[in-house]
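So you can see what is in the structure, the chains are spelled out below.
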Amino acid sequence: MLLPILSHLLLAAQAALLPHGPTTLDASFGAWRAEHGPSWQIAVDAETGFAEMIYGGGAHLGSEPRTEEQAQALAAVALETSAALHGVDLTTLAPERVTFLPLGQIGSGDKWTVRYAQRITGLDVDGARVNVLIDASGRLLSVHSTAVAQQSQLAALPSFGAESAMAAAGEAFLNRHGPGSADATRPLLGAQRVVRDGQRRARAAWSFQLSRGLGTENPVGEHFWVDATDGSILSRESTIHNFDVTGTVLSRATAGVAPDGPGNPETDQVMKYARVASPAGTVISDANGNFNIVGVNAPLAVTVTYYGDFNDVQNSTGGEFSLTQTVQPNTPTTLLMNPTDSATITPQANAFIGVNLVRDWIRTINPTDATADMRFRSNVNLSQTCNAYFDGVSINFYLPGGGCPNTCYSTVISHELGHWLNVLYLTGNGSDGMGEGNADVWAMYTYDTPVIAQDFFGPGQAIRTGLNNQPFCGDANPGCYGQAHANGEPWMGAAWKVRNRLNITNGNAAGDLIADSVFLGWMNGYNQTQLRSIIETQWLTLDDNDANLANGTPHFADIYGGFRDQQFPGVTLAPFVIADVTQLPDTENVAGPYVVNATLGANFDPPLVQTVVRWRVNGGPFQDAPLVNVGGMSYSATIPGQAYPSLVQYHVQVMDSIGRTATWPPSVPEQLSAFDVGTVNVIHATDFEAPSAQGWTAGAVGDAPNPENDWARGIPRGRGGVAGSLSWRDPAAAVSGIYCWANDLGTTTADGAYSADVHSFLRSPVLNCSGATNVRLRFQSWLTIEGNALDQARVLVNGIDVYSNPAVARLDTAWGMQEYDISALAANNPSVQVEFRLRSNGTNQLGGWTIDDARVFWVSPVIVPCPAPQTYCITSPNSVGGGTVMGSSGTGNLILNNLHLYAYNSPPDTSGQFFYGNSQIQVPFGNGYRCVSGSIFRLGPQVTDSFGDASRLIDWNNLPSGTPLSGQTWNFQFWYRNPAAGGAGFNLSNALSVTVCD
């Protein structure tokens, strides 16, 4: 039973859909990890900017789920708490299915999966699902979304009619398949996911199928989605999923299971779930083929056909086989169908038995899974040869001929039924090879053989095998082999090799059960419609038993090894947790200390024996600051204060008791966290979000065989792949905002890798660094490249290298900071230009540079506020008034050197002088008081102006007493002649006390 969507999700929907971008996603994920643990990971969907999948940890949602209702209630909480990560408007989601996954039988822990469908403005969004995976303890393990993010309404309501939509699709159908009539299904109004300007959105669309020649040798059919607002064709997909006709397409066979023929004669087999009809009633035979019609005491004629709970077998060469036989009461009777081994009846029996086998296999692995509990239609003995296909409503098989047997047998049946199951489990049959490869997995797993369609083209000539070595071509290009069956071979190969490795490790029976359980759990737990490397992560998440994917899973080695056998990039275990490392900002604090906090831990048994922050100043040697445990997994270290100007770079390093080490950032020393001590003055800074390129340009250097320039500014797509033995991936989001510069952003069909034999540049505008000292270049980078003997990545300032990639491959797995002191090239230089370059050879290509948040700045002295000068002592009356008083401007800062002394209200045009000393006193002197004592120094005579004022700029570097030291206090007073006042004929001002600092 599915509960209505919880009301508190509706209330949270608006709060979840705040303005969003990679920066806020990063902050939201940081908050998620802070609350739920550092082992969580995120895979960002490049088409939404939100999480495609969060996984790797465990978040407690509540009590243990015992029922479907309880599991769904927990899933609703999971959707709400993770809304800022997946970005889906919760008001558009409705629970669709709850399934219990009995993975405890393989030691991986029982789990629940709850699937939500997306409905926008009353229309179902095709393929848009959110799946929540929960373990038996009530912990969230993953959220996987193929839904549209941040959309609660359609941009436009339907205005283009169904008939017009069918006419537009009909024209496209004729253009592709030639003239002729086409059959159409009833058009249905829904919503389709489309990508516009790099973002996935939902649009109202008409959905229907056009087909021609079903049941013939070359049937054609397509499923169309036509925009209901403008009539454009949003998508079209073939509905005919052929088995094989050339020997190059995918198929599936089971070892020891051959086609019908003299070398493989028919045997008596149990007919389960068959309809047995009679005048006394109709019953269904049980799993052993037994049937019982109650209350019959006389001979009874019963009729059996190849029709039952899960089958409707149709014979295309004549009537369907039917056997009528009289059964005596209370006397067990055997009804033997197809007693003469008819060439046209045997395929009917094969279809019936083959469908039952797959259905029973599902129920055996997961007794709660009723997905295949429906009646499947099989059309057998079609009047063509060497093919079989699924057309959306039936599975279809051909007569023998052309060197091929009757195609209705064993793995051919389970392959075509696998296509149907792909639809039912919402994996689909995409043209990138996912549909064909997964149909092969259904056949291989149900028959426990790597061979698809044994002896299809004669003895020993099968269609395909899971023992193939077809390598996975990467997330950006899964359809690299140009044909759906071949495109699917990397997936079928990986699935078989996982199963084979599990058998070697655990024995055949246990290994099969593990593989079968994870596969069927995956079909229920994720709606993975594309052939991508995230499949391995999904399998491992299902296999995990402690809500911490980083420390492995019960069967990690075999699952990982099977995927790597097919050159999937693999999932790397993390022996350590290094998270939440403090990114210290630039500072004017020269006193320090600078505190670095981090979350640290060991994922495996060996404990941590070393936890340090390694830091250096201005490129000097690294020093270690111990990271001390302050509770739980929290650690803290301090870097001592540094004088201006200092570039402080640091990273975290941990080691366990068996000598394994890890760092953060991962690509040390290429990437290091850094901050500058001093006052930062920005010359040029950009996050590449402005409408224009802000003077940045890109192009080809011109000295390479390939003149291509693949630098571009845009949204990164997270592409990845395997180049030779090197696994690489690009970032899925910019550091700030949404834009960055990169070699091959991976847009549309691009694979994200730089091209062969290129030499290209990204160049800054010319920057004026006049008057700047201590000039720095800082940028965020993500670089994957071979060693510098093969490919070169460089950073240049005015044509001079400040960075070049190392001799070993650099394979960044996270954004990181790079900063360089470029003073020797840029200080006081009015014409400075920064350049990023990449040169490749003709062999392996990786992701190259991705650059964001670039800045050039200089670091000036830190201006420390000094105590304000203070007046003290007293002044005495003079001939013009109440007496001369001291004043000042500026401070006692030795670096600023801007202290100005003033004396006001003296007689005009009279001589005098400022003097100073290091002590204070108050004793009569002349007509006033001397307030300065100790070592006294004179600053030279001067004359007051016509207002009776005097001033003097203090040059701390040219005083009679020498340059004072920071912290000293000096006292200043003004002496002046005043004969008109009589007495001694001279007087003094009050005094000014100045504390010096730097």
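Per chain, the residues get numbers from 1 upward, laid out in the order the sequence is written. Whole-chain, interface and lining totals are the exception, using all residues; otherwise, since this is a predicted model, local features are given only for residues with pLDDT of at least 70 and side-chain atom pairs are given and counted only at 80 or more. Based on all heavy atoms of the structure, the side-chain values leave hydrogens and waters out of the count.

### Some thoughts on the packing of aromatic side chains
Put simply, the rule is: The pairing test for Phe, Tyr and Trp rings, Trp by its six-membered ring, is centres within 6.5 Å, and the orientation test on the planes gives stacked under 30 degrees, edge-to-face over 60, and tilted for anything in between. Only DSSP runs of H or I reaching four residues or more are called helices, and only runs of E reaching two or more are called strands; each is numbered from the N terminus. Accessible area is worked out with a 1.4 Å probe on protein chains only. A residue is then buried under 20% of its type maximum, exposed over 50%, and partly exposed in between. In our convention, an over-ring charge means Lys NZ or Arg CZ found within 6 Å of a ring centre and within 35 degrees of that ring's normal.
Tallying each qualifying case throughout the model produces 44 aromatic pairs. Look at Phe 390 and Trp 420: their rings are 5.5 Å apart centre to centre, the planes differ by 35°, and that puts the pair in the tilted class. Of this pair, Phe 390 sits in strand β20 (residues 388–390) while Trp 420 sits in helix α7 (residues 410–424), and the two are 30 residues apart along the sequence. Trp 420 sits in the buried class, given a relative accessible area of 8%. Considering the side-chain rings of Tyr 803 and Trp 849, the 6.2 Å spacing of their centres and the 70° angle between planes classify their relative orientation as edge-to-face. Taken together, the residues Tyr 803 in strand β42 (residues 800–804) and Trp 849 in strand β46 (residues 848–860) connect sequence positions 46 residues apart. Judged by relative accessible area, which is 8%, Tyr 803 ranks as buried. Members of the aromatic cluster, each reached through a chain of ring pairs, are Trp 361, Tyr 425, Trp 442, Tyr 445, Phe 472, Trp 491, Phe 519, Trp 522, Trp 539, Phe 563 and Phe 568. Geometry around Tyr 273 places Arg 359 over its ring, the cationic atom sitting 5.4 Å from the centre. Above the face of the Phe 761 ring, Arg 763 is positioned so that its terminal group lies 3.8 Å from the ring centre.

### Observations regarding helix α9 (residues 484–506)
The cut-off we apply is this: To estimate how far a helix should reach, multiply one less than its number of residues by 1.5 Å. Bend, at a single residue, is the angle you get between axes fitted to the 7 residues ending at that residue and the 7 residues starting at it. Two N or O atoms count as a polar contact when they lie within 3.5 Å, although within protein this holds only if one can serve as hydrogen donor and the other as acceptor, and sequence-adjacent residues are included solely when both atoms are side-chain atoms.
Here α9 contains 23 residues, and its C-alpha end-to-end distance of 33 Å stays within 8% of the 33 Å for a straight helix at 1.5 Å per residue. For α9, the principal kink sits at Pro 490 and spans about 30°. With 17 of 23 residues buried, α9 is to be regarded as a mostly interior element. Regarding α9, its N-cap is Gln 483, as a side-chain oxygen of that residue lies 2.9 Å from the backbone nitrogen of His 485 further along. The first or second residue beyond α9 is Gly 507, which carries a positive phi of 90°.

### Concerning the nonpolar core
Rules: In this description, a nonpolar core means a group of buried Ala, Val, Leu, Ile, Met, Phe, Trp, Tyr and Cys residues linked to one another through side-chain atoms lying within 4.5 Å. Residues are treated as being in contact if the distance between any of their heavy atoms lies within 4.5 Å.
Within the largest apolar cluster, 87 residues are counted, with the highest numbers of intra-cluster contacts made by Trp 491, Trp 522 and Trp 539. Looking at this core element by element, the count peaks at 8 residues for helix α6 (residues 346–365). When near neighbours in sequence (up to four residues on either side) are disregarded, Trp 539 contacts Tyr 445, Trp 491, Val 498, Ala 515, Val 518, Phe 519, Trp 522, Ile 559 and Phe 563. Grouped together as the second largest cluster of nonpolar side chains are 51 residues, Ala 71, Leu 79, Val 130 and Ala 202 included.

### Re unusual backbone geometry
For the bond running from Tyr 644 to Pro 645, omega is -15°, close enough to zero to count as cis. Tracing the chain through its elements places Pro 645 in the loop between β29 (634–639) and β30 (646–656). With an omega of 5°, the peptide bond between Val 668 and Pro 669 qualifies as cis. Residue position: Pro 669 is located in the loop between β31 (661–664) and β32 (673–677). Unusually for a residue other than glycine, Gln 567 sits at a positive phi of about 65°. With respect to the helices and strands, the residue Gln 567 is situated in the loop between α12 (556–565) and β24 (576–579). The residue Asp 744 is not glycine, and still its phi comes out positive at about 55°. You can see Asp 744 is positioned in the loop between β38 (740–743) and β39 (759–763).

### Re the sheet that holds strand β52 (residues 950–953)
Which entries qualify depends on this criterion: Strand pairing is assigned whenever DSSP detects at least two bridges linking the two strands. Throughout, an axis means a line fitted to C-alpha atoms (over the contacting stretch in the case of helices), and angles, computed between N-to-C directions, take values from 0 to 180 degrees.
Spatial strand order, β48-β49-β52: 3 strands in an open sheet with antiparallel pairing. Since the sheet does not close on itself, it has two edges, and those belong to β48 (885–889) and β52, each with one partner. The sheet shows a mean angle of 20° between the axes of neighbouring strands, direction not considered. In this structure, strand β49 (residues 900–904) lies alongside β52, joined through 4 bridges in antiparallel fashion. Bridge pairing links Ala 903 to Ala 950 in β52.

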